[in-house]
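Notes for the structure review
So the chains spell out like this:
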Amino acid sequence: MKAVLKIRLIRRKGDGFSVNATSQLSQTHRTSHYQQLNLNYRHGGLDIFTRLSFQQWKDWQQQENNQTIKADTVWNIRNRLHLESDGGSTYSASGFNYELNENHSFGAQYSGTFSMEGNGGWVSDMDITANGTADDHIHNVFTETANPARYHSVNTYYLGKVRNLGIDMNFDYIKNKSGKEQESVEDSQIGNDRIVNTRYEADNDLYAFKLTLSHPAGTEL
């Protein structure tokens, strides 16, 4: 697996400290919100930055589907569905870029996402008819719990030139840990009742390093 992030430093104009804040609120059937804060300091060839954000969402949905299948038997499936979910996460990123001179620049960045425990699911009632006659009623309750998740990413780079030798070096580390549990309970009037439980977990580590050396043809080191 290759996951090297190549960074190119773009020198920003002007020195000083800057702050940018954003807040959003959305209201439908339930309330969701998002906040973000950006801090940046620049002086000479040094650029230091931090970004913090937090969001919390609460979804609500109700729908009804009606489907007709015409074959030897005319099937009609009417499904009434109610869904709800909620969750939240915090994101942070901090790092720096430093341009020592026109031939040497380097930097590093850390970013992390921390997701809170989330819950969601639906309640479904399905009525099935065959040629206009009631055939079955299926009641389904699905629930999902997302465990608190962690995502970490670290990137460092160096971009330089020593005489005629160009150097482009990147290192990345990514850590991802998450999991969730699901349960589906289905009751049928004429079929078999079913309970299905599912558990999912992920715990991944990724390291990546890339070094590129370049040299013009026909010149000395």
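Before reading further, recall that the structure is shown in the block above.
Within any chain, residue numbers begin from 1 and follow the written order of that chain's sequence. Local features in this predicted model are restricted to residues whose pLDDT is 70 or higher, and side-chain atom pairs enter the listing and the counts only when it is 80 or higher, whereas totals over whole chains, interfaces and linings include all residues. With hydrogens and water excluded, all non-hydrogen atoms of the structure serve as input to the side-chain values.

**A few points about the overall build of the protein chain**
What counts as a helix is a DSSP run of H or I of at least four residues, what counts as a strand is a run of E of at least two, and both are numbered from the N terminus. Secondary structure assignment for the protein chain yields zero helices and ten strands. The reference for a compact globule is 2.2 Å times residues^0.38; the radius of gyration itself is calculated from the C-alpha atoms. In terms of C-alpha radius of gyration, the protein chain reaches 27 Å, well past the compact-globule figure of 17 Å for 221 residues. Overall, the protein chain is about 85 × 45 × 30 Å in size when its C-alpha atoms are taken along their principal axes. Here the protein chain, with 221 residues, has 23% of them falling under the buried criterion. Carbon together with sulfur atoms contributes 53% to the accessible area of the protein chain, which is approximately 14,600 Å² in total. Computing the positive centroid from 22 side-chain charges and the negative centroid from 26, the protein chain places the two 13 Å apart. Think of it in three bands: residues with accessible area under 20% of the maximum for their type are buried, residues over 50% are exposed, and the middle band is partly exposed, with areas taken using a 1.4 Å probe on protein chains only. Accessible surface is estimated by sampling points in the Shrake-Rupley manner with a 1.4 Å probe; for residues, cover comes only from the protein chains shown. Only four residue types enter the charge count, namely Lys and Arg as positive and Asp and Glu as negative; His and the chain termini do not. In this description, the location of a charge corresponds to atom NZ of lysine, CZ of arginine, CG of aspartate or CD of glutamate.

**Some remarks on a nonpolar patch on the surface**
Excluding any residue in a salt bridge, patches collect residues exceeding 30% relative accessible area, merging like charges within 9 Å and nonpolar Val, Leu, Ile, Met, Phe, Trp and Tyr side chains within 5 Å. Salt bridges are defined by distance alone: a side-chain nitrogen of Lys or Arg within 4 Å of a carboxyl oxygen of Asp or Glu. Residues F17, V19, L37, Y41, I48 and L52 make up a contiguous nonpolar surface patch of about 540 Å² in total accessible area. Going through the elements one at a time, β1 (16-27), β2 (31-43) and β3 (46-70) are the ones with two or more residues in the nonpolar patch. Turning to its location among the elements, F17 is positioned in strand β1. A residue is classified by how much of its surface remains accessible, and F17, at 57% relative accessible area, is exposed.

**Here we look at the pairing of strand β9 (residues 165-188)**
One ladder, built from nine bridges, connects strand β7 (residues 133-146) with β9; its direction is antiparallel. Paired with F142 across the strands is S184, a residue of β9. The sheet contact formed by strand β8 (residues 149-162) and β9 spans 13 bridges and is antiparallel. Residue pairing across strands places S153 opposite I174, the latter belonging to β9. Here, any two strands with at least 2 DSSP bridges between them count as paired. Pairing geometry for β9 and strand β10 (residues 194-214), over 21 bridges, is antiparallel. Residue pairing for β10: V185 is matched across the bridge by I195. The hairpin turn running from β9 into β10, its antiparallel successor, is five residues long.

**Observations concerning the environment of E64**
Looking at the element boundaries, E64 is found in strand β3. Overall, E64 belongs to the partly exposed group, its relative accessible area being 46%. Residues E64 and S124, spaced 60 residues apart in sequence, show a C-alpha to C-alpha distance of 9.6 Å. If sequence neighbours within four positions are ignored, E64 has contacts with R78, N79 and R80. Polar contact criterion, stated in full: a pair of N or O atoms within 3.5 Å, where within protein one must be able to donate a hydrogen and the other to accept it, and residues adjacent in sequence count only if both atoms are side-chain atoms. Side chain to side chain, E64 and R78 meet in a polar contact 2.9 Å long. By definition, residues are in contact when any of their heavy atoms lie within 4.5 Å.

**Thoughts on unusual backbone geometry**
Of note, N131 is a non-glycine position whose phi angle comes to about 55°, a positive value. You can see N131 is positioned in the loop between β6 (118-130) and β7.

**Focus: the side chain of S53**
Note on placement: S53 falls in strand β3. With near-sequence residues (within four places) excluded, S53 lies in contact with Y34, Q35, Q36, S89, T90 and Y91.

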